[in-house]
Amino acid sequence: MSDHHPVRFGILGFGSFAERAILPAMQQCPVAVPVALQKRSRADAEAKAREHGIPHACSTAEELCALPDVDAVFIVSANGAHCAETIAAARAGKHVLVEKPMACSVQEAEAMIAACAEHKVHLMVAHMIRFSPMVQRMREIVMSGALGHIVFARADFVYDGRLSKRAWLLDRPVAGGGPVFDVGVHCLDTLRYVLDDEVVTVQAVLDPKPTASATEKSGHLAMKFSGGTIGSIFCSYDAPVRRKDIEIMGTEGRLRADEFTVGSISATLRIDGGKDSHPVPSREEVFDIPNLYVQEITNLVDAVRSGATLLSPGENGLANQRILNRALEIG
């Protein structure tokens, strides 16, 4: 593919999130251009395509993936559709950027990776938080050893699920899981990235207990990383406000941020410690966080054009999927 032409994207599952976040990011990205969108209703798809000046409107993934002027797809559909749509895209020779969680099961995630490998297309999972310069700085500080041995790592993400426009939010067959899948995955992926470590054991407390038809509404995961760090994630739909914070505590210092998940903001990282059990004055580092959706789209385009390394390949999504599904099994 020529480096002089933008990669042409089709958007599968063009709902409110895609319209609010993904399409504007694609329009801001100089190396990508949206050329097709899909909704289950052809009339709705055609109306949105006209509204946004997008050439093609489709009602199925197969129809969109068959378009010769689509190079890659961004899958923003309900979680339960990710696997089938990824495989359809791979078979049509389209590169894939799929929203998190990448699948509803480990088996689905493995099938998606296998299909993309077989058809020689890139598969990226949309863990955009990895592109945050603040999160990358946290990883850098941890890797430097400045915090000593990392004893504890916590990430929490809660919001009022009643405000969601996704009618399937609590529908287990469509969503796969509740807040553990929806926002707990952001916490899990960020902790794995910052620590550069993998979870070896997980315990979970979920409320209510998931059934075949309904998801949990709140969940707490307690984890052990291979390096010995104890990890904690709390996620919930039953919250009066949105809260997304992270803390990394080592024997020699601590990192804290009140907002670690979104882009296009100014975010503050607090670095503090102590000496002889007395606190040392904290210092702060302030970051201008770019649009993280633009960053992830650019990463996939760079991989397509020049073989650049994906920051969140399919194998990374699979590692998260193993922990998420284990938590739902035991919670």
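Heads up: these notes are all about the structure in this document. Remember, it's a predicted structure, so these values are computed and weren't measured experimentally.

Each helix and strand counted, the protein chain has ten helices and 14 strands in total. Over its C-alpha trace the protein chain gives a radius of gyration of 20 Å, about what one expects of a compact globule, namely 20 Å for 331 residues. The principal-axis extents of the C-alpha atoms in the protein chain amount to approximately 65 × 45 × 35 Å. Residue burial in the protein chain is summarised as follows: out of 331 residues, 55% are buried. At a minimum sequence separation of 6, the contacts of the protein chain that also span at least 24 residues come to 68%.

A cis amide bond, omega -15°, links Lys-100 with the succeeding residue Pro-101. Along the chain, Pro-101 falls in the loop between β5 (95–98) and α5 (106–118). Following Asp-207, the chain continues into Pro-208 via a peptide bond in cis, with omega recorded as -15°. Tracing the chain through its elements places Pro-208 in the loop between β8 (199–207) and β9 (218–225). Its identity is not glycine, yet Lys-120 carries a phi of approximately 55°, on the positive side. The residue Asp-276 is not glycine, and still its phi comes out positive at about 55°. Classification of Asp-276 by relative accessible area gives exposed; the value is 67%.

Taken as a whole and judged by the stated rule, the model has three aromatic pairs. Their ring planes at 75° and their centres at 5.8 Å tell us that Phe-17 and Tyr-293 sit as a pair that is edge-to-face. Residue Phe-17 is found in helix α1 (residues 16–28), and its partner Tyr-293 is found in helix α9 (residues 292–306); the two are separated by 276 residues along the sequence. By relative accessible area, which is 19% here, Tyr-293 ends up buried. Note on Phe-157 and Tyr-159: the rings are 6.3 Å apart at their centroids and 65° apart in plane angle, and the pair reads as edge-to-face. Both residues of the pair, Phe-157 and Tyr-159, count as buried. Aromatic rings pair up to connect Phe-157, Tyr-159 and Tyr-237 into one cluster.

Look at helix α6 (residues 133–144) against helix α8 (residues 179–195): their axes get within 7 Å of each other, and the N-to-C directions meet at 40°. When the interaxial angle is binned, α6 and α8 end up oblique. Each of Val-135, Gln-136, Met-138, Arg-139, Val-142 and Met-143 in α6 lies in contact with α8, whose residues at this interface are Thr-190, Tyr-193, Val-194 and Leu-195. Of the residues belonging to the contact of α6 with α8, the class tally is seven nonpolar, two polar and one charged.

Below, the discussion takes up the nonpolar core. Counting residues in hydrophobic clusters, the biggest one holds 82 residues, and the most contacted among them are Phe-9, Phe-74, Leu-191, Ile-248, Leu-255, Leu-269 and Ile-297. Tallying contributions element by element places α8 first for this core, with ten residues. Excluding anything up to four places from it in sequence, Phe-9 contacts Met-26, Ala-32, Val-33, Pro-34, Val-35, Ala-36, Ala-72, Val-73, Phe-74, Ile-297, Leu-300 and Val-301. If you look at the next biggest cluster of nonpolar residues, it comprises 29 residues, including Leu-12, Ala-61, Val-70 and Ala-103.

Okay, α1 next. Look at α1: 18 Å from first C-alpha to last across 13 residues, which is about the 18 Å you get at 1.5 Å a residue. At Ile-22, α1 shows its largest kink, close to 30°, and the proline Pro-24 lies no more than four residues downstream. The set of residues buried in α1 consists of Ala-18, Ala-21, Ile-22, Leu-23, Ala-25 and Met-26.

What follows covers the sheet that holds strand β13 (residues 265–275). One open sheet accounts for eight strands, arranged β8-β9-β10-β7-β11-β12-β13-β14; its pairing is mixed. Of all strands in the sheet, those with a lone pairing partner are β8 and β14 (278–289), marking the two edges. Looking at each pair of strands side by side, their axes are set apart by 15° on average, direction ignored. Pairing geometry for strand β12 (residues 254–257) and β13, over three bridges, is antiparallel. From the neighbouring strand, Leu-255 faces β13, where its bridge partner is Ile-271. Strand contacts of α8: β7 (150–160), β8, β9, β10 (230–236) and β11 (238–250), with the helix running at about 150° to β7, the strand carrying the most contacts.

What follows deals with the pattern of salt bridges. Here the idea is simple: oppositely charged side chains can pair when their charged atoms come close. Using the criterion set out here, one finds 27 salt bridges in the structure. For Arg-42, the salt bridge identified is with Glu-63, shortest N-O distance 2.8 Å. Residue Arg-42 is found in helix α2 (residues 42–52), and its partner Glu-63 is found in helix α3 (residues 61–65); the two are separated by 21 residues along the sequence. Given the relative accessible area of 27%, Glu-63 is considered partly exposed. Taking the shortest distance from any N to any O, the salt bridge between Arg-283 and Glu-285 comes out at 3.0 Å. Beyond isolated ion pairs, a larger network of salt bridges with shared partners links Arg-154, Asp-156, Arg-243, Asp-245, Glu-247, Arg-254, Arg-256 and Asp-272.

For the structure on display, the rule yields zero disulfides. In this structure Cys-29 is a free cysteine whose sulfur lies 20 Å from that of Cys-65, the closest cysteine sulfur available. With no disulfide of its own, Cys-235 has Cys-187 as its nearest cysteine by sulfur position, at a separation of 6.5 Å. On the accessibility criterion, Cys-235 (1% relative accessible area) is buried.

What counts and what doesn't
- In every chain, residue numbers begin from 1 and rise along the written sequence.
- This being a predicted model, a pLDDT of at least 70 is required before a residue's local features are given, and a value of 80 or more before pairs of side-chain atoms are given or counted; all residues contribute to the totals for chains, interfaces and linings.
- Computation of side-chain values covers all heavy atoms of the structure but excludes hydrogens and water.
- Secondary structure follows DSSP: runs of H or I at least 4 residues long count as helices, runs of E at least 2 residues long count as strands, and numbering of each begins at the N terminus.
- Restricting the calculation to C-alpha atoms gives the radius of gyration, and the globule rule supplies 2.2 Å times the number of residues raised to the power 0.38.
- Categorising residues by exposure relies on relative accessible area from a 1.4 Å probe, with only protein chains included: less than 20% of the type maximum marks a residue as buried, more than 50% marks it as exposed, and the intermediate range marks it as partly exposed.
- Contacts are residue-level and defined by heavy atoms, with any inter-residue pair within 4.5 Å sufficient.
- Geometry of aromatic contacts follows a simple scheme: Phe, Tyr and Trp rings, the Trp one being its six-membered ring, pair when their centres are within 6.5 Å, and the pair is stacked under 30 degrees between planes, edge-to-face over 60, tilted otherwise.
- Only the stretch in contact is used when a helix axis is fitted, and all axes are lines through C-alpha atoms; the angle between N-to-C directions ranges over 0 to 180 degrees.
- Here the word oblique covers every angle except those under 35 degrees (roughly parallel), over 145 (roughly antiparallel) and from 65 to 115 (roughly perpendicular).
- Each residue receives one of three labels: charged for Asp, Glu, Lys and Arg, nonpolar for Ala, Val, Leu, Ile, Met, Phe, Trp, Tyr, Cys and Pro, and polar for the others, Gly being one of them.
- The set of buried Ala, Val, Leu, Ile, Met, Phe, Trp, Tyr and Cys residues whose side-chain atoms join them within 4.5 Å is what this entry labels a nonpolar core.
- By this rule the span expected of a helix is its residue count minus one, scaled by 1.5 Å.
- Bend, at a single residue, is the angle you get between axes fitted to the 7 residues ending at that residue and the 7 residues starting at it.
- Two strands are counted as paired when DSSP detects at least two bridges linking them.
- Salt bridge criterion: a side-chain nitrogen from Lys or Arg within 4 Å of a carboxyl oxygen from Asp or Glu.
- Pairs of cysteine sulfur atoms within 2.5 Å are what we label disulfides.

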